[in-house]
Amino acid sequence: MKKQNLLFIGIFFLFLFAIQVDGMAQLQAPAASPAASVSQNVGFTKISIDYSSPAVKGRKIFGEIEKYGVTWRAGANAATMIEFSTPVSIDGKNLRAGKYSIFMTPEANGDWTVRLNAKGNSVFNYMKDGKIDEEALAKDDVVAVKVKAEQLPAVQERLQYSISAENNKVAKITMSWENVSVSFMVDTQVDQKMEAFKAAF
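Residues numbered from 1 in each chain as written. Predicted model: local features only at pLDDT ≥ 70, side-chain atom pairs only at ≥ 80, totals over all residues. Heavy atoms only, no water.

1. Quick notes on the pairing of strand 6 (residues 98-105)
Summarising burial for strand 6: six of the eight residues are buried, a large majority. Note that strand 3 (residues 81-84) and strand 6 share four bridges and pair antiparallel. Bridge pairing in strand 6 places I82 opposite Y100. Of the pairings in the sheet, the one linking strand 6 to strand 7 (residues 112-117) comprises five bridges and is antiparallel in character. Within strand 7, the residue paired with M104 across the bridge is V114. The antiparallel hairpin formed by strand 6 and strand 7 contains six residues in its connecting segment, where G110 sits at a positive phi of about 90°. (Buried < 20%, exposed > 50% of the residue type's maximum accessible area, 1.4 Å probe, protein only. Helix = DSSP H or I, 4+ residues; strand = E, 2+ residues; numbered from the N terminus. Pairing = 2+ DSSP bridges.)

Rendered as structure tokens:
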């Protein structure tokens, strides 16, 4: 009887051990660039950004990891995506509601370029001979905005996007990473939408 009990206990512990080993095998290490998202209602529009957030980790990012004059995916892993629930305007250009990928072209001196891609492509869709085909990429810009790069007072370890509602008509979208912050404005066309609403009645 004792032998049977010992055998039963042994099998039970082997079963528990097997479950634990299987669980550990399925456990994955945390992502180096974890997924992140931010959203904000501005006027009648919900603005959402989905991105991956890489870390500086003691490296020189802009000018070395991300070369000046070379368009970058403005995040890590998959394409950084921005979505507008209603039509908006950026730099005087009207954009339909929907999703767009964000690219950025950093510069050592002068303004950076923030690009919204009409096709929602990854920047790597534009690779040619091992380099970004800047001309082909620019053809798919729905809008390209020149923006000033601001120096941060301290290192921003992880890339981060923020959306400020400002006057609740025009939103300010900001990307901060390493020692740089760049922003662009999104007009949610509140007044035009109010006029259209009034005209409908």
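Next comes the rest of the description.
2. Focus: the pattern of salt bridges
All told, the structure shown has three salt bridges when counted by the stated rule. Across the pair R115 and D141 runs a salt bridge, and its minimum N-O distance is 2.5 Å. Residue R115 is located in strand 7, and its partner D141 is located in strand 10 (residues 141-147); the two are separated by 26 residues in the primary sequence. In this structure R115 comes out as buried when scored by relative accessible area, which is 12%. Under the relative-accessibility criterion, D141 is labelled buried at 17%. Residues D140 and K119 are paired through a salt bridge, measuring 3.7 Å at the closest nitrogen-oxygen approach. Of the two residues, D140 is situated in the loop between helix 2 (134-139) and strand 10 and K119 in the loop between strand 7 and strand 8 (127-128); the sequence distance between them amounts to 21 residues. Overall, K119 belongs to the exposed group, its relative accessible area being 57%. (Salt bridge = Lys/Arg side-chain N within 4 Å of Asp/Glu carboxyl O.)

3. Description of the nonpolar core
If you look at the biggest cluster of nonpolar residues, it comprises 36 residues, and the most contacted ones within it are I82, F84, L116, Y161 and M175. Elements that contribute at least two residues to this core include exactly strand 2 (45-52), strand 3, strand 4 (88-90), strand 6, strand 7, strand 10, strand 11 (149-164) and strand 12 (170-187). In terms of residue count, the dominant contributor to this core is strand 12 (eight residues). The contacts of M175, once residues within four sequence positions are left out, are F62, W72, M104, W112, L159, Q160, Y161, V180, S181 and V182. Ranked by size, the runner-up nonpolar core spans five residues in total, among them F103, V123, Y126 and I132. (Core = buried A, V, L, I, M, F, W, Y, C linked by side-chain atoms within 4.5 Å. Contact = heavy atoms within 4.5 Å.)

4. Some details on the sheet that holds strand 7
Adjacent strands of a sheet form backbone hydrogen bonds with each other and so pair up, either parallel or antiparallel. If you walk across this open sheet you meet the six strands as 1-2-3-6-7-10, and the pairing is antiparallel. Looking at which strands have only one partner, the edges of the open sheet turn out to be strand 1 (35-42) and strand 10. The sheet shows a mean angle of 20° between the axes of neighbouring strands, direction not considered. In this sheet, strand 2 lies alongside strand 1 in antiparallel orientation, the contact comprising eight bridges. The residue of strand 2 that forms the bridge with A35 is S52. (Axes fitted to C-alpha atoms, helices over the stretch in contact; angles between N-to-C directions.)

5. What to know about the environment of K148
By the element assignment, K148 lies in the loop between strand 10 and strand 11. You can call K148 exposed: its relative accessible area is 59%. Spatially, the C-alpha atoms of K148 and W112 are 6.2 Å apart, while their sequence positions differ by 36 residues.

6. Some remarks on the pairing of strand 3
Pairing between strand 2 and strand 3: four bridges, direction antiparallel. Counted as the bridge partner of D50 is M81 from strand 3.

7. A closer look at the packing of aromatic side chains
Tallied over the entire structure, the rule returns seven aromatic pairs. Residues F62 and W177 carry aromatic rings whose centres are separated by 5.9 Å and whose planes lie at 90° to one another, so their mutual orientation is edge-to-face. Here F62 is found in the loop between strand 2 and strand 3, whereas its partner W177 is found in strand 12, with 115 residues between them in sequence. Using a relative accessible area of 1% as the deciding quantity, one classes F62 as buried. (Phe/Tyr/Trp six-rings, centres within 6.5 Å; stacked < 30°, edge-to-face > 60°.)

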